[in-house]
Amino acid sequence: KLTNLVFTGGVSIPIGLVCARAPAAPAGEQDCHVVRQDNEVELRSPMFAFRLGTADGLRAEFCENRLTGRKISLGHGAELNVDIGPLGGPLETPKWRVSQWPVAGSAAAGEAVFILIAERPAISARVTYRWNAVEPVLRKFIEITNGGERDVMLLNLRLGTYPTQAKLVEREQGFPVYLDD
């Protein structure tokens, strides 16, 4: 969770969420691809499938472990939320709209990019996912840009909120969360 940042027009803040031992550059893998059908986009590798809905912002639908066949619903959870406003004042959580999707069949390099836009304030977010055919890891990177004339104070940043019925098996700060054993 990132707190209390002020950014001005034309300035972007890169933010990354990496759930692995080390960052990975996109891997040129034929088995990694993007499947798009209407308002759904699925990121696929030999090890997992991750489905996102784009009709109401960018929302996680499910994650499937393709090695075990287990699929966990992610409850249409938001992939990105921010709270903005003055310290001690009322918070505003802008609603995102997807303005750019990765091209279906793309991601031979294990990368998919979405552009999200909020109307008020005039901010945008570039959400980049990276994966490869060797590791069962999906990496997400966020870059937020203030396209407006006024300064915006970014108070909170949530890189994924997933309501799920899955049982939490184990967790420790700095390590992956294990669900449904």
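Bear in mind that the values here come from a model prediction, so they are computed numbers and not experimental data.

Trainee: Sorry, what's going on with the overall build of the protein chain here?
Mentor: Scanning the protein chain for helices and strands turns up zero helices and 15 strands. Relative to its 181 residues, the protein chain shows a buried fraction of 38%. Contacts in the protein chain between residues at least 24 apart in sequence constitute 51% of all its contacts with a sequence separation of at least 6. When the accessible area of the protein chain is evaluated, it comes to approximately 10200 Å², of which 50% is carbon and sulfur surface.

Trainee: How should the pattern of salt bridges be read in this particular structure?
Mentor: Pairs can form between side chains of opposite charge once their charged atoms are near each other. By the definition in use, this model includes nine salt bridges. Residues Asp56 and Arg59 are paired through a salt bridge, measuring 3.6 Å at the closest nitrogen-oxygen approach. In this structure Arg59 comes out as partly exposed when scored by relative accessible area, which is 22%. One salt bridge connects Glu111 with Arg130, and the closest N-O pair in it is separated by 2.7 Å. With a gap of 19 residues between them, Glu111 in strand β10 (residues 111-118) and Arg130 in strand β11 (residues 123-130) connect regions that are remote in the sequence.

Trainee: Explain the packing of aromatic side chains here, please?
Mentor: Geometrically, a pair of aromatic rings is defined through the distance of the ring centres and the angle of the planes. Under the counting rule described, the total for this entry stands at two aromatic pairs. Measuring from centroid to centroid gives 6.1 Å for Phe50 and Tyr129, while their planes differ by 50 degrees, and the two rings are tilted. Note that Phe50 is positioned in strand β5 (residues 48-53) and Tyr129 in strand β11, a separation of 79 residues in sequence. The class of Phe50 is buried, set by a relative accessible area of 7%. Here Tyr129 falls in the buried class, since its relative accessible area comes to 1%.

Trainee: Can you help me understand the sheet that holds strand β7 (residues 71-78) in this one?
Mentor: Where strands meet in a sheet, backbone hydrogen bonds hold them as pairs that are either parallel or antiparallel. With antiparallel pairing, five strands are arranged side by side in an open sheet as β3-β4-β5-β6-β7. Edge positions in the sheet fall to β3 (33-37) and β7, since each of these pairs with one other strand and no more. Going from strand to strand, the sheet's axes swing by 15 degrees on average, the running direction of each strand aside. Here strand β6 (residues 59-65) pairs with β7 via five bridges, running antiparallel. Residue pairing in the sheet places Phe62 in a bridge with Ser73 of β7.

Trainee: Sorry if this is basic, but what is going on with the nonpolar core here?
Mentor: Ranked by size, the top nonpolar core spans 34 residues in total, and within it Leu43, Leu80, Val82 and Tyr129 carry the most contacts. What Tyr129 contacts, discounting residues up to four positions off in sequence, is Leu43, Phe50, Leu52, Leu58, Glu79, Gly110, Glu111, Ala112, Phe114, Leu138, Arg139 and Lys140.

Trainee: Explain the side chain of Asn132 to me, please; I cannot follow it from the model alone.
Mentor: For Asn132, the position within the fold is in the loop between β11 and β12 (139-146). Polar side-chain contacts of Asn132 include one of 2.8 Å to the backbone nitrogen of Val134. Among the polar contacts made by the side chain of Asn132, one reaches the main-chain amide nitrogen of Glu135 at a distance of 2.8 Å.

Trainee: Would you take a moment to explain unusual backbone geometry for this structure?
Mentor: The phi angle of most residues is negative, glycine excepted, and most peptide bonds adopt the trans form. Although it is not a glycine, Asp38 adopts a positive phi angle of roughly 55 degrees. Secondary-structure assignment places Asp38 in the loop between β3 and β4 (40-44). Positive phi is not limited to glycine here, since His76 has a value of about 60 degrees. For His76, the location among the structural elements is in strand β7. Owing to a relative accessible area of 35%, His76 belongs among the partly exposed residues under this scheme.

Trainee: What's the story with the environment of Pro94 in this structure? I'm lost.
Mentor: With respect to the secondary-structure elements, Pro94 resides in the loop between β8 (81-84) and β9 (96-100). For the pair Pro94 and Arg120, spaced 26 residues apart in sequence, the C-alpha to C-alpha distance is 6.5 Å. Leave out the neighbours within four places in its chain, and Pro94 touches Val82, Ile84, Ala118, Arg120, Pro121 and Ile123.

Definitions and limits used
- Residues numbered from 1 in each chain as written.
- Predicted model: local features only at pLDDT ≥ 70, side-chain atom pairs only at ≥ 80, totals over all residues.
- Heavy atoms only, no water.
- Helix = DSSP H or I, 4+ residues; strand = E, 2+ residues; numbered from the N terminus.
- Buried < 20%, exposed > 50% of the residue type's maximum accessible area, 1.4 Å probe, protein only.
- Contact = heavy atoms within 4.5 Å.
- Areas by Shrake-Rupley, 256 points an atom, 1.4 Å probe, with all protein chains shown as cover.
- Salt bridge = Lys/Arg side-chain N within 4 Å of Asp/Glu carboxyl O.
- Phe/Tyr/Trp six-rings, centres within 6.5 Å; stacked < 30°, edge-to-face > 60°.
- Pairing = 2+ DSSP bridges.
- Axes fitted to C-alpha atoms, helices over the stretch in contact; angles between N-to-C directions.
- Core = buried A, V, L, I, M, F, W, Y, C linked by side-chain atoms within 4.5 Å.
- Polar contact = N/O pair within 3.5 Å; in protein donor to acceptor, adjacent residues only side chain to side chain.

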